[in-house]
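Survey of secondary and tertiary structure
Now for the letters of each chain:
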Amino acid sequence: RSHETPLGSSTPHASCLDLWRQRNDQLVRQAKVAQGLSLRRQQLAQDALEGFRELLHCLQGLPAAVPVLPLELTVICNFITLRASLAQGFTEDQAQGIQQGLERVLETQEQLEPRLECGLSALWDSVLHSSSLLPELLPALHHLALQALLFSGDDHLDLTFLSGASEDLLLLLKTWNLPAEESDAPLTIQDARGLRDVLLTASAYRQGLQELITGRLSRALSSLHEAASGLCPQPVLVQVYTALGTCLSKMGNPQRALLYLLSALKGGSTWGPALLEASRLYRQLGNTAAELESLELLVEALSITHGSEAPQLLIEVELLLPRPEPASPLYCGTQSQAKYLLASRCLQTGRAEDAAEHYLDLLALLLDGSEPKISPPPCPTGPCMPEVFLEAAAALIRAGRAQDALTVCEELLSRMSSLLPKMPQPWGNARKGTKESPHCPPWVSATHLLRGQAWVQLGAQKEAISEFSRCLELLFRATPTDKEQGPASNCEQGCTSDVALQQLRAAALISRGLGWVTSGQDTKALQDFLLSVQMCPGNQDASFHLLQTLRRLDRRDEAIAFWRRLEAQTKLPQENATWSLPLYLETCLSWIRPHDRETLLEEFQTSLLEPCDL
C-alpha cells in the first residue's frame with residue numbers, strides 16, 4: 001500500500017474512480033442538452049436518469065470508501081435533481097437515497113451499526129458532528145443537506161452545524177456559507193448555490209403567504225419583499241406581486257396595492273388571482289366599471305387552456321410551491337365560479353341585461369354533463385346550485401324577459417321534484433325520517449314567488465296570484481333548521497335562516513296583496529298586508545302598502561293610527577338590516593319596495609290629517 005494517494009486510494013481504484021467520474025460528467029452534459037418537450041429530448045433525459053441510477057448502483061455495490069464518497073454523494077444529488085424535475089415532485093425513494101448516502105458516510109467511520117434505527121435527522125447529526133469528517137466531503141454534504149430540506153418541508157433538520165445560523169429557515173438559508181468547490185469537482189446538474197437561492201425564494205414566498213392568511217400583515221409584507229428580491233422567475237414574480245397587492249389592500253393601502261396588481265398583470269395578463277384581487281380592489285374603490293371588466297377578463301383567463309412549457313431539468317421555485325387552496329389569496333376558483341361573480345355583481349349593480357346573459361351562460365356551463373337531478377349540498381362558499389337558478393330567473397325578470405324566467409323556473413322545479421315532501425305535513429317532522437333536503441321547500445317556494453313575478457310582468461294576474469299562493473302554502477309548512485343539528489354552512493344559513501324565511505313569507509304576502517290590488521280586490525289585499533305586518537313587524541314595505549290600502553278603503557281612523565306608528569318606525573334602523581339575505585330574495589324585495597317613502601309619508605300626512613290632528 002506504499003502507492004496510495006493522499007486520500008488513501010490505490011492506483012487501480014483511482015483509475016475506476018476516474019471512469020466513474022467521467023460517466024457522471026457525461027450524464028450531466030446529456031441532461032443539460034435534454035431541455036425541451038420533444039420526444040427525443042425527453043428520451044435523452046430519461047436515459048440520463050437511468051444512467052445515474054446504474055452508476056449509483058455500481059458505486060453502492062462496493063464497500064463505502066472515503067475517496068469515492070464525494071463522487072457518490074454528487075451522483076445522489078444529480079439523480080435526485082433529475083428525478084424530481086422529470087416527475088415534477090418529490091417521492092419517498094428520493095429521501096431514502098439521501099439516507100443511504102448518509103449511512104455510507106457513517107459506514108466509512110464505523111459508526112453505522114448502533115444507529116441503524118435512527119431517522120434522517122439523527123443520521124445528519126451523526127454525520128455533521130463527526131470529528132473525522134473530511135473537508136473533501138463538505139461540498140457534497142452541503143448540497144445533499146439542501147436537498148434534504150426539500151423533503152423536510154420545514155426547518156426540522158438541525159443543519160446549523162453546516163450554516164452556523166439559527167434554526168429559522170429563512171435566516172439559515174440567507175446566512176448559509178457554502179464551501180468552495182474544487183475546480184476539478186464532479187459536475188452537477190444544479191449546483192448547491194443555485195439550489196440554495198431557489199429554496200430561499202420559495203421559503204420566503206411560502207412564509208409570506210402563510211402570514212398573509214393568518215393576518216400577520218407586516219411580517220407577510222417583509223417575507224414577500226424578500227421573495228421578490230431573490231431568484232424569482234417571471235411566473236413566480238407574478239404570484240408574489242399578486243400576494244403583495246392583496247397584503248397592501250388588507251393594510252388599507254389600495255393605491256400601492258393596485259400598482260403591484262397591475263405589475264402582476266403586465267407579467268402575466270391571464271393570471272387569474274391578480275384579476276380577481278383587482279376586481280375586489282376596484283369594488284372597494286367604487287369603480288364598478290373596472291371591477292366588472294376585471295371579472296370579465298378573469299372568466300376569459302380561466303377558459304384558456306395553457307400549454308405546458310418546456311421543463312427545465314432543475315429543481316425550480318415553482319416545484320416547491322403548493323397548489324393554492326380556497327383559503328389562499330392566490331386561489332381564483334373555477335371558470336363557473338368567476339362567471340357567477342360576474343353575473344351576481346351585474347345583478348347587484350343594476351345591469352340587468354348583462355346579468356341575464358351571464359347567468360344563462362353560467363347555467364349552460366354548469367349543466368354541461370351534469371347529473372340529471374340537483375342534490376343541494378351544504379356549500380362552504382358561494383351559492384348552491386338552486387340559488388343560481390333563482391338568481392338567473394330574477395335577472396331575467398329584471399331584464400324584461402319574463403318568458404325566459406318561467407323556463408328557468410320550470411327547469412329548476414323539474415330537477416327538484418323528487419325532493420319535495422310527499423305528504424302535507426310540517427317539513428321539520430318530514431325531515432326526521434327521510435333523506436329529503438331541509439332546504440328544498442324554501443327554494444321551491446322562492447321558485448313559485450319568481451314565477452308569480454314573471455306572470456305579473458306578462459300581465460297575467462290570475463296565474464301570478466296562484467303562484468304566490470302556492471309559494472305561501474309551502475312556506476307555512478317549512479320550519480327553520482333545527483338548532484341541535486350543529487352549525488350550518490353559508491348556503492344553509494342563507495336559505496333556511498329565520499330571517500330569510502320571514503322575509504320570503506313577507507315578500508310572497510305583499511306580492512299577492514299587490515296582485516289583489518291590481519285586480520281591484522282591496523279587501524283581500526288588506527288581509528295579506530295585515531298578515532305580512534304581523535309576521536314581519538320590521539318590514540316597512542308591508543306597512544306602507546297596508547297604509548295605502550287603508551286609505552283607499554276610506555278607513556281613516558285606522559290609517560291615522562297606523563301612520564303614526566309607521567312614522568315612528570321610519571326614524572329607527574330597519575330591522576334585520578345586518579342580516580345577509582340571498583341575492584334572489586333581495587331582488588324580489590326590491591320590486592315590492594315603494595320608491596320614495598318620505599314623499600309617501602308627506603302625502604299621507606296631507607291627505608289624512610286635518611290641521612287639528614297635527
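Residues numbered from 1 in each chain as written. Predicted model: local features only at pLDDT ≥ 70, side-chain atom pairs only at ≥ 80, totals over all residues. Heavy atoms only, no water.

**Looking at the pattern of salt bridges**
Under the defined criterion, the tally for this structure stands at 19 salt bridges. E291 is the partner of R345 in a salt bridge, and the nearest nitrogen-oxygen pair spans 2.5 Å. Here the residue R345 occupies a position in helix 15 (residues 335–348), and E291 occupies one in helix 14 (residues 288–303), the gap between them amounting to 54 residues. For E410, the salt bridge goes to R451, with nearest N and O atoms at 3.0 Å. Of this pair, E410 sits in helix 18 (residues 402–416) while R451 sits in helix 20 (residues 440–457), and the two are 41 residues apart along the sequence. Looking at E410, the relative accessible area reads 43%, which means it is partly exposed. (Salt bridge = Lys/Arg side-chain N within 4 Å of Asp/Glu carboxyl O. Helix = DSSP H or I, 4+ residues; strand = E, 2+ residues; numbered from the N terminus. Buried < 20%, exposed > 50% of the residue type's maximum accessible area, 1.4 Å probe, protein only.)

**So, the confidence of the model for the protein**
The predicted model of the protein has a mean per-residue pLDDT of 81, with 79% of residues at 70 or higher. The weakest mean pLDDT in the protein belongs to helix 19 (residues 427–432) at 40; the strongest belongs to helix 17 (residues 385–398) at 95. Every residue in residues 1–12 is under pLDDT 50, and counting partners more than four places away or in other chains gives 9 contacts. In the predicted structure, residues 370–380 sits below a pLDDT of 50 and forms 24 contacts with residues beyond four places in sequence or in another chain. (pLDDT = per-residue confidence, 0-100. Contact = heavy atoms within 4.5 Å.)

**Brief notes about helix 10 (residues 217–229)**
Over its 13 residues, helix 10 extends 18 Å from the first C-alpha to the last, a length consistent with the 18 Å expected when each residue adds 1.5 Å. All of the buried residues along helix 10 are L217, A220, L221, S223, L224 and A227. Buried-residue contacts for helix 10 involve helix 9 (192–213) and helix 11 (234–250). (Expected span 1.5 Å × (residues − 1).)

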